[in-house]
Structures are given as C-alpha cells and as structure tokens.
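# Fold and geometry: a report
Below, each chain spelled out in residue letters.
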Amino acid sequence: MNAKRTLAVMTGGGDAPGLNAVIRTIVKQGVTQLGWRVIGLEDSFDGLLETPLRIIDFDRDQVRGILTMGGTILGTTNHGDPFSFRESDGSVSDRSVEVAERLKLLGVEGLIAIGGDGSMGICSRLMKERGVPVIGVPKTIDNDIPGTEITFGFDTAAAFATEAVDRLHSTAESHERVMVLEVMGRDAGHLALASGLGGGADVILIPEIPFRWDAVLGKLMRRRAFKRHFSIVVVAEGAKPEGGSVTEHMNADGRKSHGGIGFLVADEIARRTGLETRCTVLGHLQRGGTPTPRDRVLASRMGHHAVELARRGEWGRMVAMRANRMDSVELSWLLTQTARQLSLDDDAISTARALGIVFGDEAQ
Ligand code: F6P
C-alpha cells in the first residue's frame, strides 16, 4: 500500500487575523478531500526542534470552529529562525539541518509556511540550502509583502484602526482636543492611510512621506481659525520628520520595535501650539480579534491555492494575489525585494489630498 502524501504546515512571525482560516482550508482540503496526512508544527520550528516533538497530526475535527478565531491554533514566534536558533540557555546555533532531517523522518513531502517576509526568507534558504520543499503563504497586517497586492490580516486591522478614529472623533470634539493615533505598519503606510482616509482624519503621517512640522501645525491652526476646535492626526509607527529617523523603543528582551512617534508628535503639537493634545497607541490590539469576512475569504483562498501548488509539485513559490486573482511568485525572487511601501501616485493619496488631508509635505 502506498504511504499517504504528508504535508507539514506552520505559522511564523507575528500573528495576523486569518491564520486559522488558512490552516482550516489546508486541513479540510488536504485531509478530507485529498486523503493526505497534514502535520502542524507548533510555535513555528520550535515544536519540530524540541524533544519530544510538539506537532499536531490533524484530523478534520481539530479545525472545526476556527474560521472565526484570531491568532493561530499552531502558535507562532518571531525569533524561531532555525539558521540562528535561540536555545533555552540563550546560546544561538544553526539547527537547519535538523529541521530537514526531522521533516524527512516524519515522511513530510513539503512544508507550507504561513508567514511574513522573515519566514519567507527562512523558507527560501531551507529549500535552497537544505533541500526542504516549501510553499509560502503571505500574512501580515502591514500589507507590505512584495509580490502580492494584499495580505490577509490587513482588512481586519484597518477596520479596527478606522473604528478607533471614529471613536476618537467624538471625544476629540467634546474636549476640543487634538487626538493623535499611532497605528502599526512597520515601514509602510497602508494601515495609516486606510484608517485615516476611512475615518476622516485631518492629518496622516506615513513613512513614505517624511513630514515637516510647519505643514502639520499649519493644518491644525487653520482648522482652529475655521472654528474647527478639534483635529485627528493618524501617525504610522514608521513615520518620520524630514531629515529624522524612525522612532524605536527597546523591549525588555533587548529587541527593538518601531513605535513612540505618536507621543513625540502629540508632545510637539502641544508644545508648539498650546492645543490640548492626547495620544493613543493602538499597538497589538490591531493584530487581535476575529478576522473580517474579507480576510476570512482571502485567507481561505490562499490556503486553497497553497494546496493546489503542493498538489502540482510547484514548490519554492509564495501564494500571491495579482490583478485580483490568486497566483504565485518565486520565493527566491522575494529575497531580492524590500518591503512593499505605498506608491506615491496611489490614488488613495490624491483622494486624501483632495479632501484636504495633510501628509506633512505641503508648501505653507
Ligand atoms: O509586522 C506586524 C507588526 O505588527 C508590525 O506592524 C509591528 O511593527 C510589529 O509587527 C510588532 O512586532 P512585535 O509583535 O514583535 O511587537
């Protein structure tokens, strides 16, 4: 009797709403329809590298009811690179050969890795240097992965950030305050632009357009002069003033993250204008919660496309949305690319400008 085709699936990097919808599709199609064995690796590669192994041998029942759940039932980590694996004693070692060996021992034909640019880079190396067949499925709330027009998680995060702008509006108006909202997005302004435009902000600061203080303050003072006694400023965590750099903060584990620019902007506005100003940092709230219908559908389609690629033996590719259709790009190509930022000729930017929203580069 022939052994069942066996696939492994893992989630890597920061989570994004929709991960469970991808896992569910891979298991439902793979196990139920195609009769494959699907193994889930827990906590990225950690579950595979530990003894005893932490893996899930999926059956249909294990993915019941997870479509609407945020997070990932497999768990994830963004410091699980097997090429420089951090051991429990703090030392770092290359465990990539073990990854390949253990997958082989489990009879795994190939790995479907659901992750961001970091995970895609690791998987591309695993394939090239260790001979592990891999298919990538892109995820991130930042929507900044090259090669795909959209990633799941973005719509959920943008909806949440837009609701935050809506909520800030009423309290800003009651107190006649300037409300600054810092949103995530790393070095791309997709989230800030979507929530700022969707929520009707007055100023949107994004990494792609370094801002000048005079342009930002000018807008706020003009609103004041027109008897609009409150304002909403949406700031991407990667935004920076002209000639300045990205604001970062050091986490307790010694890892740096983008963030802090919101308070900096709020303080500067208050100091230079005397306007009462408050800052809200949305942080990881943007990554949690149930995925929107759009993200559930997108994640399910991406999971299905990954299974189809595996079925055809098209390893070394990342699932991608191109011209509004499910497609794929070479994983190795991805490594030559940088984060997909907003294009300055994006009509969402010109729409915002037409609405009087300021990006901080306007002549005064
Ligand atoms: O890439 C997703 C993201 O949420 C970014 O928007 C943010 O800068 C980063 O991850 C935060 O990472 P961490 O979960 O390590 O704090």
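Residue indices follow the written sequence of each chain, beginning from 1 at its first position. In keeping with the model being predicted, local features are shown solely for residues with a pLDDT of at least 70 and side-chain atom pairs are shown and tallied solely at 80 or more, while totals for entire chains, interfaces and linings include all residues. The side-chain values count all of the structure's non-hydrogen atoms but skip hydrogen atoms and water molecules.

### Some points on the sheet that holds strand β8 (residues 178–183)
When DSSP finds two or more bridges between two strands, those strands count as paired. Numbering goes from the N terminus for both helices and strands, where a helix is a DSSP run of H or I of at least four residues and a strand is a run of E of at least two. Spatial ordering of the open sheet is given by β9-β10-β8-β13, a layout of 4 strands whose pairing is parallel. What marks the edges here is a single partner per strand, and that holds for β9 (203–205) and β13 (277–281). Recorded for the sheet is a direction-independent mean angle of 15° between the axes of neighbouring strands. Relative to β13, β8 runs parallel, the two sharing 5 bridges. Here an axis means a line fitted to C-alpha atoms, over the contact stretch when the element is a helix, while the angle between two N-to-C directions is reported on a 0 to 180 degree scale.

### Looking at the sheet that holds strand β14 (residues 317–322)
Across the sheet, which stays open at both edges, the 7 strands sit in the order β3-β2-β1-β6-β7-β14-β15 with mixed pairing between neighbours. Of all strands in the sheet, those bounded by a partner on one side alone are β3 (55–57) and β15 (325–330). Sheet twist, expressed as the average angle between the axes of neighbouring strands with direction ignored, equals 25°.

### Here we look at the packing of aromatic side chains
Aromatic pairs are defined between Phe, Tyr and Trp rings, using the six-membered ring for Trp, whenever the two ring centres lie within 6.5 Å; interplanar angles under 30 degrees are classed as stacked, those over 60 as edge-to-face, and all others as tilted. For the structure shown, the criterion picks out 1 aromatic pair. Measuring from centroid to centroid gives 5.1 Å for Phe-211 and Trp-213, while their planes differ by 85°, and the two rings are edge-to-face. By the burial criterion, Phe-211 is buried, and Trp-213 matches it. Geometrically, a lysine NZ or arginine CZ counts as sitting over a ring once it is within 6 Å of the ring centre and also within 35 degrees of the ring normal. A cation over a ring is seen here: Arg-125 above Phe-83, with NZ or CZ 3.8 Å from the ring centre. Stacked on the ring of Phe-230, the Lys or Arg Arg-223 has its end atom at 5.1 Å from the ring centre. With a 1.4 Å probe rolled over the protein chains alone, any residue whose accessible area is under 20% of its type maximum counts as buried; one over 50% counts as exposed, and the rest are partly exposed.

### Digging into the site of the ligand
Each residue is tested against the molecule or strand, and it is near if at least one of its non-hydrogen atoms lies within 4 Å. With respect to spatial proximity, the complete set of residues near the ligand consists of Asn-78, Thr-140, Ile-141, Asp-142, Met-184, Gly-185, Arg-186, Glu-237, His-284 and Arg-287. In the analysis that follows, any N or O atom pair within 3.5 Å is treated as a polar contact, provided that within protein one partner can donate a hydrogen and the other can accept it, and provided that, for residues neighboring in sequence, both atoms belong to side chains. In the environment of the ligand, an oxygen atom lies 2.6 Å from a nitrogen or oxygen atom belonging to the side chain of Asp-142. Here an oxygen atom of the ligand and a backbone polar atom of Gly-185 are 3.2 Å apart. Here the open area of atoms and residues is found with the Shrake-Rupley method and a 1.4 Å probe, where only the protein chains shown may cover a residue. Out of a free accessible area of 400 Å², the ligand has 78% covered by protein chains. Residue polarity is assigned by list, with Asp, Glu, Lys and Arg as charged and Ala, Val, Leu, Ile, Met, Phe, Trp, Tyr, Cys and Pro as nonpolar; anything else, Gly included, falls into the polar class. Taken together, the residues of the shell around the ligand break down into 2 nonpolar, 4 polar and 4 charged. Each domain's extent was defined by an automatic or database domain assignment. Here the shell around the ligand gathers at least three residues from each of two domains, domain 1 (6–152 + 291–322) and domain 2 (157–286 + 343–354).

### A closer look at the environment of Met-318
Along the polypeptide, Met-318 turns up in strand β14. Judged by relative accessible area, which is 0%, Met-318 ranks as buried. A C-alpha to C-alpha distance of 19 Å links Met-318 and Val-38, two positions 280 residues apart in sequence. Should any heavy atoms of two residues lie within 4.5 Å, those residues are considered in contact. With residues near it in sequence (within four places) discarded, Met-318 still touches Met-120, Gly-136, Pro-138, Ile-145, Pro-146, Thr-148, Asp-327, Ser-328, Val-329, Leu-331 and Leu-334.

Nothing here speaks to function; it is geometry throughout.
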